[in-house]
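# Architecture at a glance
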Amino acid sequence: MASRPPVQCPLCSGELPEEKRLEDHLVEEHTKRELARDVVSAYEQLEESELSG
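Residues numbered from 1 in each chain as written. Predicted model: local features only at pLDDT ≥ 70, side-chain atom pairs only at ≥ 80, totals over all residues. Heavy atoms only, no water.

### Some details on the overall build of the protein
Rules: The helix and strand labels rest on DSSP assignments: H or I over at least four residues marks a helix, E over at least two residues marks a strand, and numbering proceeds from the N terminus. Taken over C-alpha atoms, the radius of gyration is set against a globule rule of 2.2 Å times the number of residues to the power 0.38. Buried residues are those whose accessible area, probed at 1.4 Å on protein chains only, stays under 20% of the maximum for their type, while exposed residues exceed 50% and partly exposed ones sit between those limits.
The helix and strand inventory of the protein stands at two helices and zero strands. A compact globule built from 53 residues should have a C-alpha radius of gyration of about 10 Å, whereas the protein, at 14 Å, is more than 25% larger. Projecting the C-alpha coordinates of the protein onto the three principal axes gives extents of approximately 40 × 30 × 15 Å. The burial tally for the protein puts 9% of its 53 residues in the buried class.

### Details of the environment of Leu-46
With respect to the element layout, Leu-46 can be found in helix H2 (residues 32–52). As for Leu-46 and Gln-8, which are separated by 38 residues in sequence, their C-alpha atoms are 21 Å apart.

Have a look at this one:
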């Protein structure tokens, strides 16, 4: 059976243990401000790519 690659946190680039879910890691290890900053950054990048493409 093929194994899945480890999940990597998009905020801190840390690899999560196999038994830990990304959602749990984000809630436990990152502040609301960090999460909001990442969402806004992704949104702005999407907007820029739509305007330039």
